[in-house]
Structures are given as C-alpha cells and as structure tokens.
Protein chains: 2
Amino acid sequence: MRIVDKIKDAQRENRTIFSFEYFPPKTDEGVENLFERMDRMVMHQPAFCDITWGAGGSTSDLTLEIVNKMQNMICVESMMHLTCTNMPVSKLDFALGNVKANGVQNILALRGDPPHGQDKFVQVEDGFSCALDLVKHIRKKYGGYFGITVAGYPEAHPDVISGDAATQEAYEKDLAYLKEKVDAGGDFIITQLFYDTDLFLRFVNDCREIGITCPIVPGIMPINNYKGFLRMTGFCKTKIPADITAALEPIKDNDEAVRSFGVHLGTEMCKKILASGINAVHLYTLNMEKSAIAILQNLGLIDISQVRRSLPWRPPTNVRRTREDVRPIFWANRPKSYISRTTAWDQYPSGRWGDSRSPAYGALTDYQFLRRRSRNKKIQEEWVVPLSSVEDIAEKFANYCAGKLKSFPWSELEGLQLETKKINSELVKINKDGFLTINSQPAVNGEKSDSPAVGWGGPGGYVYQKAYVEFFCSPEKLEKLIRKAEEFPSLTYIAVNSVGETKSNVGPGDVNAVTWGVFPAKEVIQPTVVDPISFMSWKDEAFQGWEDEWASLYKAKDDPAKKILLEIKESYYLVSLVDNDYIGGDLFAFFSGI
Amino acid sequence: MRIVDKIKDAQRENRTIFSFEYFPPKTDEGVENLFERMDRMVMHQPAFCDITWGAGGSTSDLTLEIVNKMQNMICVESMMHLTCTNMPVSKLDFALGNVKANGVQNILALRGDPPHGQDKFVQVEDGFSCALDLVKHIRKKYGGYFGITVAGYPEAHPDVISGDAATQEAYEKDLAYLKEKVDAGGDFIITQLFYDTDLFLRFVNDCREIGITCPIVPGIMPINNYKGFLRMTGFCKTKIPADITAALEPIKDNDEAVRSFGVHLGTEMCKKILASGINAVHLYTLNMEKSAIAILQNLGLIDISQVRRSLPWRPPTNVRRTREDVRPIFWANRPKSYISRTTAWDQYPSGRWGDSRSPAYGALTDYQFLRRRSRNKKIQEEWVVPLSSVEDIAEKFANYCAGKLKSFPWSELEGLQLETKKINSELVKINKDGFLTINSQPAVNGEKSDSPAVGWGGPGGYVYQKAYVEFFCSPEKLEKLIRKAEEFPSLTYIAVNSVGETKSNVGPGDVNAVTWGVFPAKEVIQPTVVDPISFMSWKDEAFQGWEDEWASLYKAKDDPAKKILLEIKESYYLVSLVDNDYIGGDLFAFFSGI
C-alpha cells in the first residue's frame, strides 16, 4: 500500500499514525539484532518503517536485502530510501525493480550526501543530479506503482545554509524546489530532523502558502546521547533552541538523564505538532527502541496492554499478499518459515482455504531468513543438555509449556503465546505423559474480539477457537488414542510418521476452520485452518526439527542424547488433534487415562 | 449429479434412499397442483424424482418444461423419461440438448409404448426401434454427461408375455437384452411395477447370475383405487398374487379401505425388499402424495418431526449450480424468483459471497415460474379487502405475522417459517407500529445444528443467526429509527425508497453473514448474507409487490385501497436491519418507543 493512502485513511478516520526509521547496521550480528528489535517494535503497529540508503551507496545491497525482509518477513509496510549518489540509472532501476519484485511499494527519493571523502555532491555519469530528477524518473518508468516520498527541510537544505541560518531567499528557493518535487510525483513530505517546533510549523504554513497540499510528516529524532546529538545537529546544521541547550548543558555527561530529557522533549514537540492538526509523526530511531516507544506511550499512541491484532497472525504487507487471510495452524510458531515456503504462490486464499489455496509449498531448504545465531545460542543453553531417556525429553517439553524455558526448537518466537497460558498446566501434564506438544490453542466460545488474550479484529465482534493440540507420540500411545477417540465423536485427528504412514478420521480434502471471528456487517472471517494437505507438507519440517534444530547442536558425534532424539524422529507420529466441540468439549479430559 | 452415484454413496454410507415418479398432468391447473405437491414431497428429500414421457410423445413439450422446472425450481435431482415412439433422432437430440442446457443430468431410456391408436410399436423414420439403441446413442453423443437409467421387467416385457406369464425362454431373452442395455451404458435399473415380491427377488438374483452388477431399484406402485389397479396391472400384464386378490375382493368398493390396504401392502413389499439388501425404492406416485408418504413413514425413511435441511434454503440441483452455497436473505420467501433472476450467472458464490458473486440480477420480468392462479386466489381472498387507511394495512401485516393469514403478497411460500414463530408476537407489535415487515429471522447463538426450528447441515455442529428484520416504513419513522440507531452500535441498516434514495450506515461493499454454521472438520459455512448491492436489485421486486401482487388485484380502477397501496409504494422506504450482536443484542427492544 502506498503510504500516502495510509496517511489519508488515518486523516479521514481521525487517527494519528507513527513510523520508525532504521539504518543498515555494519555487522551481521547488528543486522540480526535489528530484525529482532524491529519485530518487537512492529507489534505496536507503525504505519510504516523505512531503511536508509548507505551514504555514497555503500550499503545498497544490504538496504535492498533489509527492505525486502521488512516488507515480507517482518510484515510491515516498508519504505526504502534511494539516493542519486554514485548511482547511474541502471543501478537505480536495478534497485527499484528488485524491491518491486519483492512487493515493496514505497520509496523515499533523495539526492543523497556527497560520495565518501568528498565535500560536494557529484553527479555520476548516466545518473541524476537531484532528487527531482529521481522522482520524475520513478514516476515516468513505474507509473503509479510506487508511493514516492520526498524530503522537506524546515530550515532549508544544509547546502544552502551558511552561518546561523539560510537566507530568506535561499529558504524560499528551497521551498519552491520542494513544490517541484511534489508536483513531479511526490506523494507526501517527511522532514529533516529539527528541534525548533515553531520553525517546523512555520515551514508547514509556508508550504501551504505556495500551494503544497500533500501531507507533511515531521521527522523527530529523540536525543539519545549528547555527543551523538551534537554530531547530528552539526552535520545537518540544525538550529537548537537556547532552552534545549540550557537544559542539556548540566546533564550532558549523564547518559540516563540525557535520554530521559530526550523522551520528554520529543513528547512535547510531538504534542505541539499533533495539536496543530498534523496526524503523523516519523521517528528517527537510530536503530534504538526505548526512546521512540516511550515517546509514543507518552502520546497515548501505543498501549502495551491493548490488543491491536487485526488477525491472529501478523498479516502480510507485500502488495501481492494483501488478500491473504487464511493460513494453516501448523506454522503458527514459525510464521517466517511459512512466508518463505509460500513466496512462490501466485495467489493466496481469501476468505476460505478450500477455494483458492495454492497447491505446493516450497521446499524446506528455501527456508532461510534470519541469521539464527542468537536463537541457536538460547536453544544451545536450554535444550542441549544430557538426555538419557524419552522421559528426559518429555521433561524438557513440559518445562517449556510451564514457561521455564524461553526457547523452543519448533518455534521462531520467544516464549509462549499469551493464550497458551490458559492451558499450560494441562499441557505440562500431557507432555509428561509422552504427548510432546509443539502447537496448541485453547477452545474459545464467543469471547469479545478485543479480549487481550484471544481477541483480534478490533472491537464489536466475537471470536472463536476450536481446541487444538499438535504433538509427537509413540506408535503405542497413538493406538490407544485412536481407540479412545471412537468414544469422542467431536474429535478429529490426522497422524503421520516420518515416512508418511498416515492414520486419520477426516477426509483428505476436509478443511477445518479452527479460529474464526464474527464482526458487524462482515462475512465470517476464518483465519486459521487445519487441513490434511498442508499438514503433509508441514510434517517434514516438524520431523526435521528433531535433527536440525536440536540433535545437530550436540557436538559429540556419538552423544547418547543425539541417538535418542533421532530415534524419536524415526519412530514417533506427529498428530494434529482438533476438538470440534468448542462449546461443550474438553480436549484435555480426553487425554486422561491414555 | 448422476443418480447412480447417489445410490452408490448411499450404499457406502448404509443409507436407504427413495424416489418419486410423476406424469405430466393434462391441464394447466393440474400442472400447477403437481408442482405444489412435488414441492411438499421434496421436503422429505427423495434422492430424485422423475417425470414420464407422454405415450407416443404426446406430452413431450410439457415433459421438457416440467423436468427443467423440477431440476431448477423445485431443486430436486430430476430424471426425464425418453422414448423412441414417434421420435426421429433430431427430436431426441433436441430434447436431450434442451434438458442438458437446463442442468438436468438423468434420463430413463425407454423404447416406449406403441403410438396412440396402434397395437404394436413402430419404428419411426430416422428413429430407433429399441431402448438399447437409444442408450447407445446417448452415450455416444453425450459421453458421460447423462446418467442413464434403463427399465427392467421382473416378469419380462409385456410384449413377450402370452397367457399367464412369459416362457422361461422369453424371460431369459429379456434378461439378456437388459444386460445389453446395461453394457451399452445404462447406469442402473428401475423395474416395472410388480406385486409379487418373490418374483422381483428372483429377477434380481437372475440378473446377478448373468453378470448384471449395477443397482436394481424396485418400482413400487401403491394401490390407490381398485379400478386403477386392475387397469394398470392388466395393461402391464402384472401377476397378482392370490392373497392380494383375496384381500382386495371384499373391500374393492371402499376407496378408503383400498388405499389403506395399498399402504400396508406397499410397506410390507418394501420391508421384504430392503431386508434382502437393496437400499432404494422407487415409488410410482401417480401424482398422488398420501400413500407414498405413508409407506415411507411406515418404513422409517421419513420423519416429519426431524430436520433434514442441508442448508437454510433448499440447495440447487442444477449441475452448474451445485457449488452455490451462499445467498442474500432478501429472497428467503421467494426462492424461485431468486433462481429465476440468477439463471444467467455463469458462476455462483461458494463459501463467501464477497469473492465470486456475479454482478447482475436478471430483470424482474424474467420471473415467470409457477402458474400462480391458486396463490393469487388465496391472496385475493385474504388481502383484497376494503382498506381505508395505513392502519388497515398495518393490521393485515400484523395478522399475517400472527399466523391468521396463510398467504402473503411478498412470499411464494405458504404460511410462516417455523423459526419466525419464535418472534411473531414481537413482529405483530412492530407491524402495528407501522414497520411493515416482509422478512425476518430471530437471533440464534450456537444452537445445535439438528434443532428442529433453526437447525440445518446435519448433526454435530452449531448454528448461528443475526437477528434480521426487513420492512417498509414511512420516511418519518425511518428518521426516528436512524436517530435511535446511533445509540445501538450493533445495528446496521440499509434503507432505500422506490426512486433509489438511500440511507445506510454500512459501506457499499460490506457483506454481512447473517446465518452461519460451524461443523466438525469443516470451514465455517455462511449460507445467508445481507449485502447492499443485492439489496438494490431486490428493492425493485419488493416495491413492485405493492402494485403487482396486491393493488392490481382490485378490480375497480378507482378503488380507494388501490390508491393507498400505491401511495405507500411511492413514499415508503424499504429497510434492511441487522442486529450484529447475536449474543447480547435485543432487536425488538430497539423498536420500542419509536
């Protein structure tokens, strides 16, 4: 979606939106950390996030990689900065084509800083000399596909600032140039950072005077530390109001106090700006989380206790996936794996899984997303311990369900889902009994759609779930379970072992909606299903977990733990079990006595 | 669906099925009565119904018309008899092409009786001399589209019977010919009528002996009156066991007693046949209802108190409509009108209305189905009475809701739906207050899917409804209603007057599922929706009701009633109102005090 449409929707609905800007980290570990941080921050539902283009194009490959993953794996509407520095048209088009192919729809078109080591911007051969030409090029070549953002300078572009401030003439010339960028196809404006809110408001006013009517979004950079603040404002020739200097001077060596003042200042600036009628703030996070989140909390724009899920899983933002609103439950704890394995689909199911599901899941090896060092480290600590029996393994599973372990070989996420806590004592019990659960949800019978633990879709509706549990168990346990299931007609199951031997009491095409919601003036939304065909694709990934995610982390080739884990992989069944009676059923009562 | 597949499904699921045969009545009124009777009988869910081809092709046009309406308007899987009598291939193909175009998929292929006034069958030029050639022709020309049924003669074909019975040689020759018909493409066999059950069982056995493996369905003709029985059995040279003759002789002049014996005999014959392992009975109804229904009740094959609805509305059987499982609520009381206005659709929504709804409803004038004399007669009696005020009209509506009137200008059905009775006292009240209701349903919050009043879809599930009411009201009442609705956020409405002025609090594309069901191992089924686009097509039909279905029935051009009715048509709004809170809402509380 083009960001300007999100801003306009919010204007119509009287909502305030916010966004986060990041830059490409210098190390692999930094990139991994950035994605984890972004993943957390995106839970607060920014309207979009953006990633800068390295000065002189130095990080361009990394920027492409990051923006594509932001859009498709983090599932946030993403904007890529693009500059003319060192970029002939062919390179620009490579970058634009690449992100377009990945469903990214938003570009911040900039001239860019001078190439590394130079003082002045230099036009490269076959390149552009200014953002205006870049805007024109994008519009001409890509029509309306891209949302184009342009930069506005409340104090004029640093290049035209000499001494304390730009001359009025230089400022006006800069404004006129901004209008040209908008007229050439810029959808809306994000401003350079500033600390004098009045200057910003005057700038907005001046824009309106000369006929710039598009949204103008203030760029807010929370002060995180004193030296960084000086460096950044020096580089950008940003005016610092005297009271800010005065407030910082006595605390400049106390990082904690500076940050705290930064949050206070950012909050006050935003309050004043929002009060003026502007409905969006853009936060230059410098890849840091706390100050940005604190400012938004102060403004009442995010509320950690409130549910803001539009679906039980985070909906995709890739322009080609936006109609997707049904998924199998199997990948609930591995959403990135799911996205990766379905990227080749040319259509996604909407409304019903049965109608338009794509048939083939990508191969397991396609699953390469996050560099997984930190996750593996946690699993190494928590799971790679001496194991001498199946009971030891059941104990680990039980401990995870009890919340005693944070990592889990079958999950990309950290810790348990909130809703799982409703049933974790039951889960602990069945795990100890040898039903090693890797996925579950409690039954929900018409809870309000804004309930914190299980709600989604916004207020005014009711949500439902069928109780679900997915586990590994031995063939002997499975046999007992199947016999007992005959007395529980509301139970449906699919069981399969690693070589594909299957036992099931549902038809091969039966698709079971296990999560659904009823909302005013809408058709029933059923975002999560259990279906045998997807299950058969999933099972390879699930069985592989024993080896790739766990056994392989033991160093010694002949570690007895490794042997037990691989034996389980070879001999156990993976079982998907639904209690279809979400009103009167009791899934865990079924397990007692098996 | 080909009938043989229904029989085989039933065999697999250990179910017994039944079917009804009719013949084309001689008068228009007879045809109208037949459809009403068939409509009632089809509620008991026969596997199929069939209609005979007139002797000598005399009723062929009417047979085509009837079978097409059976399939598409009565919505029962229908089979057409087709004979070779007086039928050159071109005529046969016209008939086959015509029913194929109408989605009929089953043909009973017969040689047919001799042409009228002749003793012996005569092959017509360019026609066929036997059923075998007709079977071959249908298979060759239409591939697997048609299910083909062939006739079996437990006592051999009457043509080869001389004296008391066919010779063994003639009987065996007849059997061999039957095998040829099956081998040439006949899917299954329906037998000629018989009254000696042992003969039938021997026939089945003999068929199996010579390698006929397809289903064999006994044709049972309940004895309805003595003379008819003698005529039919004489014509068909049917053997009558001595005990039947003995039982009929003393009661032959007492029609009531004969019918009662006929039901008893039919029941006993069927019991014996079903006990032998056959799972289908075909009833020659002779267009009569009671004996056939009584036999099926005796056999426990139908249970009037039990719900057998697979969806809230009767699902279509036309092969091109079988995936249709969502409809707007507006035509709930006019299902035939709905089918008529959507026959041109090339796809029907499945699972969701929003995804694949066809855009255009056929024009109102397309709506021509039943000859409507009898219905108009009832409306004439009940509704065409002196009216001098809007209050008189409100009184009529209230009386209908109270069950005091059987007919209703806006309904093709007779009387109120069972579920409406839950809310009829509330409906009476709001009608008296000037909200003239033409459609409604109560809220249902997770009742069992086999509940008699509101259940559908078979056992094991839960069904839901949002409370719905659709009515005409004056612009003044509408204004009050809209003001009051602001305090009831769960209410959504669409209102429109005859010239198309609209007031609504939902978006133009908002589709509201108002009936849905949750079943084991299935996606949520949502068969009834309220959507603004369909509503706009429906409103013309609804407003036209005031004139075409009511005012026009007043003879006198200047009848004051006519004037009032037309004034309402011109000035009132039609309002569709949903209470989206099916758990805690109270739609009728909303009306109190408006």
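Since this is a predicted model, take the numbers as computed values, not measurements. (Residues numbered from 1 in each chain as written. Chains lettered and ligands numbered in written order. Predicted model: local features only at pLDDT ≥ 70, side-chain atom pairs only at ≥ 80, totals over all residues. Heavy atoms only, no water.)

Participant: I tried to follow the overall build of chain A on my own but got confused; where do I start?
Facilitator: Helix and strand content of chain A: 20 helices and 18 strands. Against the globule reference of 25 Å for 594 residues, chain A gives a C-alpha radius of gyration of 27 Å, in line with a compact fold. Over its C-alpha atoms, taken along the principal directions, chain A stretches across nearly 85 × 55 × 50 Å. Here chain A holds 594 residues, and 58% of them are scored as buried. Carbon and sulfur atoms make up 50% of the accessible area of chain A, which totals about 25000 Å². Computing the positive centroid from 70 side-chain charges and the negative centroid from 78, chain A places the two 0 Å apart. (Helix = DSSP H or I, 4+ residues; strand = E, 2+ residues; numbered from the N terminus. Rg over C-alpha atoms; globule rule 2.2 N^0.38 Å. Buried < 20%, exposed > 50% of the residue type's maximum accessible area, 1.4 Å probe, protein only. Areas by Shrake-Rupley, 256 points an atom, 1.4 Å probe, with all protein chains shown as cover. Lys, Arg positive; Asp, Glu negative; His and termini not counted. Charge placed at Lys NZ, Arg CZ, Asp CG, Glu CD.)

Participant: Quick question: what am I supposed to make of the interface of chain A and chain B here?
Facilitator: Quite often, the size of an interface is put as the accessible area lost when its parts meet. With 33 residues of chain A at the contact, the number on the chain B side is 33 residues. In total, about 2500 Å² of surface goes out of reach between chain A and chain B, with carbon and sulfur atoms giving 48% of it. By the criterion of area lost to chain B, the three top residues of chain A are Tyr462(A), Ala521(A) and Glu523(A), representing 27% of everything that side buries. The interface formed by chain A and chain B holds two salt bridges in total. Between Glu523(A) and Arg352(B) there is a salt bridge, with the nearest N and O atoms lying 3.6 Å from each other. (Contact = heavy atoms within 4.5 Å. Buried area = accessible area lost by both parts, 1.4 Å probe. Salt bridge = Lys/Arg side-chain N within 4 Å of Asp/Glu carboxyl O.)

Participant: Sorry if this is basic, but what is going on with the sheet that holds strand β1 (residues 17-22) of chain B here?
Facilitator: Strand pairing in a sheet is mediated by backbone hydrogen bonds. Such pairs are either parallel or antiparallel. All names here are of chain B. Ordered in space as β1-β2-β3-β4-β5-β6-β7-β8, the eight strands form a closed barrel in which the pairing is parallel. Between one strand and the next, the sheet's axes are offset by a mean angle of 30°, whatever the strand orientation. Taken together, the three bridges between strand β2 (residues 48-51) and strand β3 (residues 78-83) define a ladder with parallel strand orientation. For Cys49, the partnering residue across the bridge sits in β3 and is Ser78. Along the sheet, helix α5 (residues 131-142) makes contact with β3, β4 (106-110) and β5 (147-152), crossing β4 at roughly 150°. Strands β7 (216-220) and β8 (280-284) of the sheet are contacted by helix α10 (residues 255-275), whose axis makes an angle of about 170° with β7. (Pairing = 2+ DSSP bridges. Axes fitted to C-alpha atoms, helices over the stretch in contact; angles between N-to-C directions.)

Participant: Can you help me understand the sheet that holds strand β17 (residues 525-530) of chain A in this one?
Facilitator: Residues and elements named next belong to chain A. Across the sheet, five strands lie side by side as β9-β17-β16-β12-β11; this open sheet has mixed pairing. The two strands at the open ends of the sheet, each matched to only one other strand, are β9 (327-328) and β11 (444-448). Looking at chain direction, β11 and strand β12 (residues 462-465) are connected through four bridges and run antiparallel. When the bridges of β12 are listed, Lys448 appears paired with Tyr462.

Participant: Sorry, what's going on with the pattern of salt bridges here?
Facilitator: Note that side chains of opposite charge can pair when their charged atoms are close. Residue and element names in this part refer to chain B. Per the stated rule, a full pass over the model turns up 60 salt bridges over all chains. With a shortest N-O distance of 3.6 Å, Asp93 and Lys141 are connected by a salt bridge. On the criterion of sequence distance, the pair formed by Asp93 in helix α4 (residues 89-101) and Lys141 in helix α5 is long-range, its members being 48 residues apart. Assessed through its relative accessible area of 15%, Asp93 is described here as buried. You can call Lys141 exposed: its relative accessible area is 51%. Across the pair Asp433 and Lys429 runs a salt bridge, and its minimum N-O distance is 3.8 Å.

Participant: Sorry if this is basic, but what is going on with the domain arrangement of chain A here?
Facilitator: By the assigned domains, chain A splits into domain 1 (3-298) and domain 2 (327-591). Taking the mean C-alpha position of each, domain 1 of chain A and domain 2 of chain A sit 41 Å from one another. (Domains from an automatic or database assignment.)

Participant: Explain the confidence of the model for chain A to me, please; I cannot follow it from the model alone.
Facilitator: Any residue range with low pLDDT should be treated as having predicted coordinates unsuitable for detailed reading. Overall, the predicted model of chain A reaches an average pLDDT of 91, with 96% of residues at or above 70. Listed scores for the predicted complex are pTM 0.84 and ipTM 0.82. (pLDDT = per-residue confidence, 0-100.)

Participant: Got a minute to help me understand the relation of the copies chain A and chain B in this structure?
Facilitator: To go from the first copy of the chain to the second, apply a rotation about an axis and then a shift along the same axis. Screw-axis analysis of chain A against chain B gives a translation of 0.0 Å along the axis, an RMSD of 0.1 Å, and a rotation angle of 180°. The operation mapping one copy onto its partner corresponds to a two-fold rotation axis. Take the interface residues of chain A: 100% of them recur as interface residues in chain B, which is what a same-surface contact looks like. (Least-squares fit on C-alpha atoms with pLDDT ≥ 70 in both.)

Participant: Just to check I follow, could you spell out the side chain of Thr52(B) for this structure?
Facilitator: Tracing the sequence through the fold places Thr52(B) in the loop between β2 and α3 (60-74). Non-local contacts of Thr52(B), meaning those with residues more than four positions away in its chain, are made with Glu21(B), Tyr22(B), Phe23(B), Pro24(B), Thr63(B) and His81(B).

Participant: I would appreciate a short explanation of the pairing of β17(A) in the present structure.
Facilitator: Strand residues, when the strand is regular, have side chains that alternate between the two faces of the sheet. Extensive coverage of β17(A) is indicated by the burial of six of its six residues. Connecting strand β16 (residues 512-518) of chain A to the next strand, β17(A), in antiparallel fashion are six residues, including Ala521(A) with a positive phi near 55°.

Participant: I tried to follow α4(B) on my own but got confused; where do I start?
Facilitator: Spacing of three or four residues puts side chains on the same side of an α-helix, whose turn is 3.6 residues. Residues and elements named next belong to chain B. Between its first and last C-alpha atoms α4 spans 18 Å; for 13 residues at 1.5 Å apiece the expected length is 18 Å, and the two agree. Taken together, the buried positions of α4 are occupied by Leu92, Asp93, Ala95, Leu96 and Val99. One side of α4 holds all its buried residues, which, seen down the axis, span an arc of 160°. Seen from the open side of α4, the exposed residues pointing more than 90 degrees away from its buried face are Ser90, Phe94 and Ala101. Where the residues of α4 are buried, they touch α3, β3, β4 and α5. (Expected span 1.5 Å × (residues − 1). Arc of directions from axis to C-beta.)

Participant: Hey, could you run me through the packing of aromatic side chains in this one?
Facilitator: One pair of aromatic rings is described through two measures. These are the centre distance and the angle between the planes. All chains considered together, the criterion is met by 87 aromatic pairs over all chains. Three or more aromatic residues joined by ring pairs form one cluster here, namely Phe330(A), Trp331(A), Tyr338(A), Trp345(A), Tyr348(A), Trp353(A), Tyr361(A), Phe535(A) and Trp538(A). The lysine or arginine in question, Arg202(B), covers the ring of Tyr171(B), its NZ or CZ lying 4.5 Å from the ring centre. Positioned over the ring face of Trp383(B) is Lys396(B), at 5.9 Å from the centre of the ring. (Phe/Tyr/Trp six-rings, centres within 6.5 Å; stacked < 30°, edge-to-face > 60°. Lys NZ or Arg CZ within 6 Å of the ring centre and 35° of its normal.)

Participant: How should I be thinking about unusual backbone geometry in this particular structure?
Facilitator: Only a minority of non-glycine residues have a phi that is not negative, and only a minority of peptide bonds are not trans. Phi is positive for Leu286(A), close to 50°, though the residue is something other than glycine. Secondary-structure assignment places Leu286(A) in the loop between β8 (280-284) and α11 (290-298). Judged by its relative accessible area of 29%, Leu286(A) is partly exposed. Notably, Asp126(B) is not glycine yet its phi reads approximately 60°, a positive angle. Looking at the secondary structure, you find Asp126(B) in the loop between β4 and α5. Under the relative-accessibility criterion, Asp126(B) is labelled exposed at 58%.

Participant: Before we go on, may I ask you to explain the packing of helix α18 (residues 532-550) of chain B against helix α19 (residues 560-571) of chain B in this structure?
Facilitator: Two quantities define a packed helix pair, namely the angle between the helix axes and the distance between the axes. All names here are of chain B. Relative to each other, α18 and α19 sit at 160°, their axes nearing to 8 Å. Relative to α19, the element α18 lies roughly antiparallel. As α18 runs across α19, the sense of the crossing is left-handed. Only Leu565, Leu566, Ile568 and Lys569 of α19 make contact with α18, whose side of the interface consists of Phe543, Gln544, Trp546, Glu547 and Trp550. Taken together, the residues that form the contact of α18 with α19 break down as six nonpolar, one polar and two charged. (Parallel < 35°, antiparallel > 145°, perpendicular 65-115°, else oblique. Left-handed = near helix turned anticlockwise from the far one by under 90°. Nonpolar A, V, L, I, M, F, W, Y, C, P; charged D, E, K, R; others polar.)

Participant: How should the state of the cysteines be read in this particular structure?
Facilitator: Should the sulfur atoms of two cysteines be covalently bonded, the bond is a disulfide. All told, the structure shown has zero disulfides over all chains when counted by the stated rule. Cys84(A) takes part in no disulfide bond, and the closest cysteine sulfur to it belongs to Cys130(A), at a distance of 6.8 Å. This cysteine, Cys207(B), is not joined by any disulfide, and Cys214(B) carries the nearest cysteine sulfur, 7.7 Å off. (Disulfide = S-S within 2.5 Å.)

Participant: Any chance you could explain the pairing of strand β4 (residues 106-110) of chain A here in plain terms?
Facilitator: All names here are of chain A. Burial of β4 is extensive: five of the five residues sit out of reach of the surface. Across the two faces of β4 the burial is the same, with Asn106, Leu108 and Leu110 and Ile107 and Ala109 all buried. Of the strand pairs in this sheet, strand β3 (residues 78-83) and β4 are connected by five bridges, and their pairing is parallel. When the bridges of β4 are listed, Thr83 appears paired with Leu110. Between the parallel pair β3 and β4, the chain is carried across by helix α4 (residues 89-101), and the sense of this crossover is right-handed. Sheet topology note: the β4/strand β5 (residues 147-152) ladder contains four bridges and is parallel. When the bridges of β5 are listed, Asn106 appears paired with Gly147. (Right-handed = clockwise from strand over helix to strand, strands pointing away.)

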